[in-house]
Amino acid sequence: MSVGLSEAFFLVLRRELRLSFRRPDQLLQPLVFFLIVTTLFPLGLSVQLSLLRDMAPGVLWVAALLSSLLSLDSLFKSDADDGTLEQLALAGQGLNVIVIAKTLAHWLVSGAALVLVSPIVGTALAIPEAAFATMMLSLGLGTLTLSWLGAIGAGLTVGLKRGNVLLSLIVLPLAMPLLIFGAGATDRAISGTSTAGALYLLAALCVLTCTLAPFAATAALRITLE
Amino acid sequence: MISDGFWSMGGYARFVWPCFGFACAVLAWNLWSARGYLAAARVRAARALAMTGSDRA
Amino acid sequence: MWTWFYRLASPPYVYGVAAALTPWLLTTAAIAIGYGLVAGLFFAPPDYQQGDAFRIIYVHAPSAWLSLFAYTTMAVAGAIALIWRIKMGHAVAAASAPIGASFTLVALVTGSLWGRPMWGTYWAWDPRLTSELILLFLYVGVMSLRPAFEDPGRGDRAAALLAIVGVVNVPIIHYSVLWWNSLHQGATVAKLGKPSMPGSMLWPLLSMFLGFMLFYGAVLCIRLRGEVLNRERQATWVREAIKS
């Protein structure tokens, strides 16, 4: 009985989600990190509400970037450590499907969770409620792109000593355009100007990454595993 | 021919000359570093060959 | 017909060609850069708006161009190495990286020093400057990834993949002045048809572009020989090669 592609995809996806929820503390850590980092800025700068609003998009996005980086390290690591990854690679469905399922699962528990939590953070940073929709949409698109960029980085650095430092070094430059457009979109929403341009650019980046990154991430894993 | 006006670069001397200086320094570094890299590689290759040579002997 | 391509895959051939080319490349580079500097510093008239400060272009523009050219070379060489499994591609990529990174630094520093009198600031977060800075980080990432692996072959392949992923940044840098409202000026030389510079300013600049490219080729050949030796240490041809 051979397993088809979509069946394999959902199997891996369910497995990843189940494994993640089995360790709720590991699930919550990046979220808590996100909340803490966003709190650090207003505390450290002790600014008035209006200035806080100006910094808010940048602070939000930097915090989202950093907390995503935290959880990326574990994307392939535990499976690579115990040999599961090699078995999955040898399975007939092709590493592509496995990688897509794993990355999507990672985004669901980190990026998507960040999007859901963002209104709380937005209120703390004095972002007006009218801007919340743009903020959440841009964070959603951005974290998805980030999960894919991170998958490439994680694929390249899995199994390396000090791999997570290298992972950040690799992923952050690639994520800079994302930061610029994402923060730009939220910024425009706050000031009331049209967000369409920035959101379209963000969506374009997302589509580009989602179509090309799986190949790069799979190739990266093949290089590391062989 | 190299008048004072040349060195002062119309008042922009403190921007122009450091630029050229830094560029020259980097060009020089490139040559120096590449030569050193090649020299070190030759040493290592000679050492490796000497070791295999002595193993065979 | 394709023998020249296959020969490039042979380490002793590459080593020999690089050794032979180096003096030619260095000499022609010296001539081109020499003329460019002399003509650009002495004979080109001062700019109407920028005065003598515009002369910074004679080091800034070629460095910036070379930072892009070296990165593209690194990515293409890495791609060739990955697709056709030609190890010399990895050698070229590894040799290119530090050269390209140094030119990126020159572009950023000279640009910053030029920006101070012209725009009033040493730095601005505008698209071209930002993406050039990202290019420097990408270079550092590739140069850090390669030695992190115990198996050098694996390190080469991982660095090649990373270089290819980052090559997306190169057209962004180049077209950033076209796509966005950038503080940085637009294309002066690369416009098809009439460039917007008079000849006395343009020829030294073109000569500097050529000179920097030839210089890059020369330094690449020197480093490449080192890379080839490091990768082929155990081969028999090395014995004869390092005696000379």
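Residues numbered from 1 in each chain as written. Chains lettered and ligands numbered in written order. Predicted model: local features only at pLDDT ≥ 70, side-chain atom pairs only at ≥ 80, totals over all residues.

(A) Structural detail: the overall build of chain A. If you tally the helices and strands in chain A, you get ten helices and zero strands. For 226 residues, the compact-globule estimate of 2.2 N^0.38 gives 17 Å, and chain A sits close to it at 18 Å. Each principal axis of the C-alpha distribution contributes one length, and for chain A these read about 60 × 30 × 30 Å. Within chain A, buried positions represent 46% of all 226 residues. (Helix = DSSP H or I, 4+ residues; strand = E, 2+ residues; numbered from the N terminus. Rg over C-alpha atoms; globule rule 2.2 N^0.38 Å. Buried ≥ 20, exposed ≤ 12 C-beta atoms within 10 Å, placed from the backbone.)

(B) Broad picture of the overall build of chain C. In terms of regular secondary structure, chain C is built from nine helices and zero strands. Reading the helices (α) and strands (β) of chain C from amino to carboxyl end gives α-α-α-α-α-α-α-α-α. The C-alpha atoms of chain C give 20 Å as radius of gyration, which agrees with the globular expectation for 244 residues (18 Å, within 12%). With respect to the three principal axes, the spread of C-alpha positions in chain C is 60 × 35 × 30 Å. Burial statistics for chain C: of 244 residues in total, 47% are counted as buried. Considering only contacts in chain C between residues 6 or more positions apart, those separated by 24 or more positions represent 76%. (Contact = placed C-beta atoms within 7 Å.)

(C) Region of interest: the interface of chain B and chain C. Taken together, the contact between chain B and chain C spans 26 residues of the former and 31 residues of the latter. Of the residues belonging to the side of chain B that touches chain C, the class tally is 21 nonpolar, two polar and three charged. (Nonpolar A, V, L, I, M, F, W, Y, C, P; charged D, E, K, R; others polar.)

(D) View of the nonpolar core. Of all hydrophobic cores here, the largest spans 151 residues; its most connected members are A:Ala220, C:Ile56, C:Ala93, C:Leu161 and C:Leu162. Sequence-distant contacts of C:Ala93, defined by excluding residues within four places in its chain, comprise C:Met74, C:Ala77, C:Gly78, C:Ala81, C:Ala159, C:Ala160 and C:Ala163. (Core = buried A, V, L, I, M, F, W, Y, C linked by C-beta atoms within 7 Å.)

(E) Structural detail: the confidence of the model for chain C. Looking at chain C, the pLDDT average stands at 89 and 95% of residues meet or exceed 70. Scoring of the predicted complex yields 0.90 for pTM and 0.88 for ipTM. (pLDDT = per-residue confidence, 0-100.)

(F) The interface of chain C and chain A, seen in detail. Listed as interface residues are 16 residues of chain C and, on the opposing side, 13 residues of chain A. Broken down by secondary-structure element, the contributors of at least two residues to the side of chain C that touches chain A are α5 (127-145) and α6 (152-166) of chain C. Looking at the side of chain C that touches chain A, its residues break down into eleven nonpolar, three polar and two charged.

(G) A look at unusual backbone geometry. The backbone phi angle of A:Arg162 is positive, close to 55°, even though this residue is not glycine. Secondary-structure assignment places A:Arg162 in the loop between α8 (132-157) and α9 (163-191). Of note, the phi angle at C:Arg85 is positive, near 55°, even though the residue is not glycine.

(H) Quick look at the packing of α5(C) against α6(C). Residue and element names in this part refer to chain C. Where α5 meets α6, the axes come as close as 8 Å, and the angle between the chain directions of the two elements is 165°. Taken together, the axes of α5 and α6 are roughly antiparallel relative to one another. α6 is crossed by α5, and the crossing has right-handed handedness. Across from Leu138, Gly141, Val142 and Leu145 in α5, the residues of α6 making contact are Ala158, Ala159, Leu162, Ala163 and Gly166. (Axes fitted to C-alpha atoms, helices over the stretch in contact; angles between N-to-C directions. Parallel < 35°, antiparallel > 145°, perpendicular 65-115°, else oblique. Left-handed = near helix turned anticlockwise from the far one by under 90°.)

(I) Up close: the confidence of the model for chain A. Averaged over chain A, the pLDDT score is 87; the fraction of residues at 70 or greater is 98%. Within chain A, α8(A) carries the highest mean pLDDT (93), whereas helix α5 (residues 84-90) of chain A carries the lowest (80).

(J) Expanded view of α6(C). With 15 residues, α6(C) extends 21 Å between its outermost C-alpha atoms, agreeing within 8% with the 21 Å of an ideal straight helix rising 1.5 Å per residue. Within α6(C), burial applies to C:Asp156, C:Arg157, C:Ala158, C:Ala159, C:Ala160, C:Leu161, C:Leu162, C:Ala163, C:Val165 and C:Gly166. (Expected span 1.5 Å × (residues − 1).)

(K) The arrangement of the packing of helix α6 (residues 95-109) of chain A against helix α10 (residues 196-225) of chain A in detail. All names here are of chain A. At a minimum axis separation of 9 Å, α6 and α10 run at an interaxial angle of 110°. Overall, the two elements α6 and α10 adopt an arrangement that is roughly perpendicular. α10 is crossed by α6, and the crossing has right-handed handedness. Listed contacts from α10 to Leu95, Asn96, Val99, Ile100 and Thr103 of α6 are Pro214, Ala217, Thr218, Leu221 and Arg222. Of the residues assigned to the contact of α6 with α10, the class counts are six nonpolar, three polar and one charged.

(L) Broad picture of the environment of A:Gln26. Tracing the chain through its elements places A:Gln26 in helix α2 (residues 24-45). In the structure, A:Gln26 is positioned 100 residues away from A:Ala126 in sequence and 29 Å away in space, judged by C-alpha atoms.

(M) Summary view of the arrangement of the chains. Where the two pairs of chains in contact are concerned, the greatest contact count is recorded for chains B and C. Structurally, chain A and chain B remain out of contact, their C-alpha atoms never closer than 24 Å.

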